[in-house]
Amino acid sequence: MFTKILIANRGEIAARIIRTCKKMGINTVAVYSEADEDAPYVKQADESFLIGKPRVNESYLNIEKILDTARKSGAEAIHPGYGLLSENAGFARKCREAGLTFIGPSSDVIAKMGDKVAARQAMKEAGVPIVPGTDQALKDVEEAKAYANEFGYPVMLKAAAGGGGIGMQAVKNDQELEKAFEGNSKRAASFFGDGTMFLEKQILNPRHIEIQVLGDGFGNAVHLFERECSIQRRHQKVLEEAPSPFISQKTRDEMGNKAVQAVKALSYKNAGTIEFLVDEEENFYFLEMNTRLQVEHPVTEEITGLDLVEQQIKIADGDPLSFTQDDLGIKGHAIEVRIYAEDPERFFPSPGNLTKFEVPEGDGIRNELAVHGNSKVTPFYDPMIAKLVVYGMDRHQAIDRLSNALERYRAEGIKTNIPMLKKVVNHERFKAGDTKTSFVEEFYLPSLAEK
């Protein structure tokens, strides 16, 4: 087993990885920017190294600096967390070239799944249902219009290298497509260095449901059931739960089996997630694969009893899975909400100084924290400052615990999305399990206009 792991990330996920490493008796190395000098994870690690100025390209995206720090510290492996360099195929390759174990899949698989067009083709070959769409990159807007008319509007215009909703837009006709194509291509090129676009038929009133998977590199693969991730704003998740309140056991089994089929076809090693769009008749279609740990992994841990970070580390160290699909089951219900430092009405980041920060405690409550009282929330990074995870023996109990916990949450000095989360969690449609991806637009934003 590794004796020392460097964590190439920050915030609550760095703290989360440190916690598991301590449990496993593994020393940890944290890296931090000037803006994160006082962040909790910096003090929680066994060793911490300053790697640069606040901007990510001068610190957390500086591959050579991170690799140099790993060498100097004597770390044997690097855990990338999520975001930042976690799905950077070049980083994974350079880790291995430097003699370091990258705690994640191979660089080739990361690259293939990071290209949405290549990923669609790989899933199609693996027998996983995909949304009708283009199997090749679009040459120009005229070709895009031709395909859109073939599939029938509405369609989703997407960036091949995209993520987080960047470079993605629903369009209803040729005129909207003409306006959207150039702008989204330029935005994708700016964010990802690749402006390639493709089209998919838009699935109306869908749910966003994903399957957690593990593969060990020895031909063994399992799924850890599903997470419902349909409550989103601007195509980014804000609430996730497991299991889904919508799908039947038959669909659950079919989705899980298809996800495992994909893992085996890719010879996938480590943790990953197969994301699906599910329509009102429970037909499901491949959306994308995340070749890393997910922000929402705690809800899967709560219902399965597994530590996913521990599983990642063991697989990376060369251990085969110690359990089979038959050993796994769902117990209870878990819900996670992401606490953002943002205006709850306009969804704009709200950096500043936290003057008071108190989190709820109690049965079935789990807090994952990036900040503490008197922390400064900087404008340089994603505005998520914490995650609140609740567990109950059933969905009703989990919702009650979450509603109560949100009432006791205190984050003052900045704006947060807690008012939004309270409205969502207490809405009758949410309580009934009606959690389509249009939920925020249909039930939250209209209530703001009525004020």
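Residues numbered from 1 in each chain as written. Predicted model: local features only at pLDDT ≥ 70, side-chain atom pairs only at ≥ 80, totals over all residues. Heavy atoms only, no water.

1. Section: the overall build of the protein
We count it as follows: By definition, any uninterrupted DSSP run of H or I lasting at least four residues is a helix, any uninterrupted run of E lasting at least two residues is a strand, and each is numbered from the N terminus. Our radius of gyration is a C-alpha quantity, and the globule rule it is checked against amounts to 2.2 Å times the number of residues to the power 0.38. Each residue is assigned to one of three classes by its accessible area relative to the maximum for its type, calculated with a 1.4 Å probe on protein chains only: buried under 20%, partly exposed between the two thresholds, exposed over 50%. Throughout, a contact is declared for two residues whenever any of their heavy atoms are within 4.5 Å. All accessible areas in this document rest on Shrake-Rupley with a 1.4 Å probe, and a residue is counted as covered only by the protein chains that are shown. Two residue types count as positive, namely Lys and Arg, and two as negative, namely Asp and Glu; His and chain ends fall outside the count. In plain terms, the charge of a residue is placed at NZ if it is Lys, CZ if Arg, CG if Asp and CD if Glu.
Secondary structure assignment for the protein yields 15 helices and 20 strands. In terms of overall dimensions, the protein is globule-like: its C-alpha atoms have a radius of gyration of 21 Å, near the 22 Å expected for 451 residues. Taking all 451 residues of the protein together, 56% fall into the buried category. At a minimum sequence separation of 6, the contacts of the protein that also span at least 24 residues come to 66%. For the protein, the accessible surface area stands at approximately 18,200 Å², while carbon and sulfur atoms represent 47% of it. Side-chain charges of the protein comprise 57 positive and 68 negative groups, with the mean position of each set lying 3 Å from the other.

2. Some words on the pairing of strand β1 (residues 4-7)
The following threshold applies: Strand pairing is assigned whenever DSSP identifies at least 2 bridges connecting the two strands. When the strands point away from the viewer and the connection leading from the first strand across the helix to the second strand turns clockwise, the crossover is called right-handed.
Side chains Lys-4 and Leu-6 project from β1 onto one buried face, and the interleaved Ile-5 and Ile-7 project onto a second face that is buried too. Relative to strand β2 (residues 27-33), β1 runs parallel, the two being bridged by four bridges. When the sheet's bridge partners are listed, Lys-4 is paired in β2 with Asn-27. Following the backbone out of β1, through helix α1 (residues 11-24) and into the adjacent parallel β2, one traces a crossover that is right-handed.

3. Let's talk about the environment of Ile-209
Considering the arrangement of structural elements, one finds Ile-209 in strand β9 (residues 207-216). Taking the C-alpha atoms as reference, Ile-209 lies 6.2 Å from Glu-275; in sequence the two are 66 residues apart.

4. Some details on the packing of helix α4 (residues 89-97) against helix α5 (residues 107-114)
What counts is decided by this rule: The axes used here are C-alpha line fits, helices contributing only the stretch in contact, and every angle between their N-to-C directions lies in the interval 0 to 180 degrees. These descriptions rest on fixed angle ranges, namely under 35 degrees for roughly parallel, over 145 for roughly antiparallel, 65 to 115 for roughly perpendicular, and the rest for oblique. As a working rule, the residues Ala, Val, Leu, Ile, Met, Phe, Trp, Tyr, Cys and Pro are called nonpolar, Asp, Glu, Lys and Arg charged, and the rest polar, with Gly in that last group.
Contact geometry for α4 and α5: axes closest at 8 Å, N-to-C directions at 180°. Between α4 and α5, the interaxial angle falls into the category roughly antiparallel. Here α4 contributes Ala-89, Ala-92, Arg-93 and Arg-96 to the contact with α5, which in turn contributes Ser-107, Ile-110 and Ala-111. Taken together, the residues of the contact of α4 with α5 sort by class into four nonpolar, one polar and two charged.

5. Some details on the sheet that holds strand β7 (residues 169-171)
An order of β7-β6-β8 is seen for the three strands of this open sheet, with the pairing classed as antiparallel. Edge strands, defined here as strands with exactly one partner in the open sheet, are β7 and β8 (197-201). The mean inter-strand angle of the sheet, taken between neighbouring strand axes irrespective of direction, is 30°. Together, β6 (155-159), β7 and β8 form the strand contacts of helix α8 (residues 174-192), whose direction differs from that of β7 by roughly 165°.

6. Considering a negative patch on the surface
Rules: The patch calculation keeps residues exceeding 30% relative accessible area without a salt bridge and links them within 9 Å when they carry like charges or within 5 Å when they are nonpolar (Val, Leu, Ile, Met, Phe, Trp, Tyr). Each reported salt bridge corresponds to a side-chain nitrogen of Lys or Arg within 4 Å of a carboxyl oxygen of Asp or Glu.
On the surface, Glu-34, Glu-37, Asp-38 and Glu-58 cluster together into a patch of negative charge. In this structure, Glu-58 sits in the loop between β3 (47-52) and α3 (63-73). Judged by relative accessible area, which is 34%, Glu-58 ranks as partly exposed.

7. Some words on the side chain of His-333
This is how it is decided: Think of a polar contact as two N or O atoms within 3.5 Å of one another; within protein, one of them needs to be a possible hydrogen donor and the other a possible acceptor, and neighboring residues in sequence only count if both atoms come from side chains.
The topology assignment puts His-333 in strand β14 (residues 333-340). Judged by relative accessible area, His-333 falls into the buried class, the value being 5%. Within the structure, His-333 has its side chain in polar contact with the side chain of Glu-241 (distance 2.7 Å). Setting aside chain neighbours within four positions, we find His-333 in contact with Glu-241, Ala-242, Pro-243, Ile-303, Val-390, Tyr-391, Gly-392, Met-393, Asp-394, Arg-395 and Ala-398.

8. A few points about the packing of aromatic side chains
Just so we agree on the cut-off: By convention, a stacked pair of Phe, Tyr or Trp rings (six-membered ring in the case of Trp) has centres within 6.5 Å and planes under 30 degrees apart, an edge-to-face pair has planes over 60 apart, and any other such pair is tilted.
A full pass over the atoms with the stated rule returns nine aromatic pairs. With a centroid separation of 5.9 Å and 20° between ring planes, the pair formed by Tyr-147 and Phe-151 is classed as stacked. Of this pair, Tyr-147 and Phe-151 both sit in helix α7 (residues 141-151), four residues apart, roughly one helical turn. Judged by relative accessible area, Tyr-147 falls into the partly exposed class, the value being 30%. Relative to Tyr-381, the ring of Phe-380 has its centre 6.2 Å away and its plane inclined at 55°; by these criteria the two rings are tilted. Phe-380 gets classed as partly exposed once you look at its relative accessible area, which sits at 33%. In textbook terms, an aromatic cluster arises when at least three aromatic residues are bridged by ring pairs, as seen for Tyr-60, Phe-380 and Tyr-381.

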